[in-house]
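Residues per chain, in single letters:
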Amino acid sequence: MLPRAHPRLLLPVVAAVLGGALAGCSMFDREPRGTPVAQPTASAGGGAQLEIPTTVAVGQVSLIQRLGEDGPLRTLSVERDGAWQCLDCAGDGVTSRGTLAPELTERLQVLLANPALADETDQARRYRSTCIDALTSSLLTSTGLVTSQDCPGEERTPVAGEILLLLTQATPAEIKG
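Right, let's walk through the structure included here. Owing to the predicted nature of the structure, the values given are computational and were not obtained by experimental measurement.

Cut-offs and rules
Once a new chain begins, its residue numbering starts again from 1 and follows that chain's sequence as written. In keeping with the predicted nature of the model, local features appear solely for residues at pLDDT of at least 70, side-chain atom pairs appear and are counted solely at 80 or more, and the whole-chain, interface and lining totals rest on all residues. The side-chain numbers reported here are obtained from all heavy atoms of the structure, hydrogens and water having been left aside. Two strands form a pair only when DSSP identifies at least two bridges running between them. Counting from the N terminus, the helices are DSSP H or I runs at least four residues long and the strands are E runs at least two residues long. Between N-to-C directions, angles cover 0 to 180 degrees, with each direction set by a line fitted to C-alpha atoms, over the stretch in contact for helices. A helix is expected to span 1.5 Å for every residue after the first. In this scheme, a residue with accessible area under 20% of its type's maximum is buried, one over 50% is exposed, and one in between is partly exposed, where area comes from a 1.4 Å probe on protein chains only. In this description, the arc belongs to the directions extending from the helix axis to the C-beta atoms. Contacts: residue pairs with any heavy atoms within 4.5 Å of one another.

So, on to the sheet that holds strand 5 (residues 83-87). Reading across from one edge, 6-5-4-3-7-8 is the order of the six strands in this open sheet, with antiparallel pairing throughout. Pairing within the sheet leaves two strands with one partner each, and these edge strands are strand 6 (95-99) and strand 8 (145-149). Each adjacent strand pair in this sheet contributes to an overall mean axis angle of 15°, direction not counted. Where strand 3 (residues 61-67) lies against strand 4 (residues 73-78), six bridges are found, and the strand directions are antiparallel. The residue bridging Ile64 from the neighbouring strand is Thr75, located in strand 4.

If you want it as structure tokens, here you go:
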């Protein structure tokens with residue numbers, strides 16, 4: 001049996017899995033998208049399987065963004081205490097770190113604890129990506145994955161939309177492509 005990895009160490013793996021999922025999005029999808037199913041990965045020992053989580057711990061959030069199908073992944077991770085780390089958030093290859101102001105950290109925690117967030121997950125909404133070459137933003141929360149695209153006519157979910165706005169206003173992450 002493999003030891004349980006620390007959630008921070010799994011972020012790059014989760015980002016890669018979500019990046020593959022985002023790259024595969026197209027307007028020709030016929031089946032609704034749900035919360036990604038954990039993908040098995042063979043271990044170096046051969047045979048043992050490791051499942052990739054599809055959520056983060058309560059109070060944490062990760063934002064994974066990609067502009068179009070071929071754009072680089074931009075990832076932002078925010079801890080419960082408001083500390084954040086952003087990998088290539090502005091598309092410039094820079095990793096930046098910071099801490100949200102206390103009032104923003106408190107607001108983020110209230111939004112993440114909102115029970116309505118469960119109704120906004122991709123699985124609950126049966127979300128399907130419909131735009132090509134749009135900025136796709138996926139919030140990974142303890143409730144599940146919530147995806148949105150910066151394209152005409154797509155309505156933002158109320159709670160996840162506020163989380164996305166808060167994160168993009170307080171960090172180098174972007175709300176539009």
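What follows is about helix 2 (residues 102-113). With 12 residues, helix 2 should reach 16 Å at 1.5 Å per residue; the first-to-last C-alpha distance of 17 Å fits that figure. Thr105, Leu108, Gln109, Leu111 and Leu112 are the residues of helix 2 that are buried. End-on view of helix 2: buried residues confined to an arc of 160°, all on one side of the axis. In helix 2, those exposed residues whose orientation departs by more than 90 degrees from the buried face are Pro102, Glu103, Glu106 and Ala113. Buried positions along helix 2 lie against strand 3, strand 4 and helix 4 (158-170).

Within the chain, Arg126 stands out as a residue other than glycine whose phi angle is a positive 55°. Relative to the helices and strands, Arg126 is located in the loop between helix 3 (122-125) and strand 7 (135-140). Phi is positive for Asp133, which is not a glycine, with a value near 60°. Mapped onto the fold, Asp133 is located in the loop between helix 3 and strand 7.

This part covers helix 4. With 13 residues, helix 4 should cover 18 Å at 1.5 Å per step; its first-to-last C-alpha distance of 18 Å lies within 8% of that length. Buried residues of helix 4: Val159, Ala160, Gly161, Ile163, Leu164, Leu166, Leu167 and Thr168, and no others.

Bear in mind that shape data such as this cannot, by itself, settle questions of function.
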